[in-house]
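Results of the structural survey
Next come the chains, spelled out residue by residue.
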Amino acid sequence: QLLKMEPAEPEEEMPQFQDEEVKQSKVWNGIKWGAFKVYSGLEYAGECMADALGLNDSQYQWAIDEYMRRKLEEEEIKREAEGQQAEAMMGMEEGAPACV
């Protein structure tokens, strides 16, 4: 007795448009990834250019720098004067005449 083979029921085929959607999705993801990388690179280049041209500095940075320079000069002059006074005091203790 031969087994009677019944034709298998056809499997439901995936519609063709789903494959197209998958391809389009992959392409779109690739485009988004590439665009993000280009944007990141340009943003980095822009930051480097702004730093090189001094565009990230404060508008009044020159005034802040001048103030700090003068303050340091005043402190240095003050320390020198204190050092000279200390030397004069040491000289007076030893009996040398003060010439301040």
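So, here is what we can say about the structure in this document. (Residues numbered from 1 in each chain as written. Predicted model: local features only at pLDDT ≥ 70, side-chain atom pairs only at ≥ 80, totals over all residues. Heavy atoms only, no water.)

On a plain count of helices and strands, the protein comes out with two helices and zero strands. For the protein, the proportion of its 100 residues judged to be buried stands at 3%. Per element, the accessible surface of the protein, about 10,300 Å² overall, is 58% carbon and sulfur. (Helix = DSSP H or I, 4+ residues; strand = E, 2+ residues; numbered from the N terminus. Buried < 20%, exposed > 50% of the residue type's maximum accessible area, 1.4 Å probe, protein only. Areas by Shrake-Rupley, 256 points an atom, 1.4 Å probe, with all protein chains shown as cover.)

Now for a negative patch on the surface. A grouping of Glu43, Glu47, Asp51, Asp57 and Asp65 is seen on the molecular surface, where their side chains present a negatively charged patch. Looking at the negative patch element by element, the count peaks at three residues for helix 1 (residues 16–53). Position of aspartate 51 among the secondary structure elements: in helix 1. (Patch = residues over 30% accessible without salt bridge, like charges linked within 9 Å, V, L, I, M, F, W, Y side chains within 5 Å. Salt bridge = Lys/Arg side-chain N within 4 Å of Asp/Glu carboxyl O. Lys, Arg positive; Asp, Glu negative; His and termini not counted. Charge placed at Lys NZ, Arg CZ, Asp CG, Glu CD.)

Together, Val27, Trp28 and Ile31 make up an exposed nonpolar region whose accessible area comes to about 320 Å². Take valine 27: its relative accessible area is 52%, and that puts it in the exposed class.

On to the pattern of salt bridges. Summed over the entire model, instances satisfying the criterion amount to three salt bridges. Residue arginine 69 pairs with glutamate 66 through a salt bridge whose shortest N-O separation is 2.4 Å. One end of the pair is arginine 69 and the other is glutamate 66, both in helix 2 (residues 61–93) and three residues apart, which spans about a single turn. Judged by relative accessible area, which is 38%, arginine 69 ranks as partly exposed. In this structure glutamate 66 comes out as partly exposed when scored by relative accessible area, which is 26%. When salt bridges with common partners are traced through the structure, they connect Glu66, Arg69, Arg70 and Glu73 into a single cluster.

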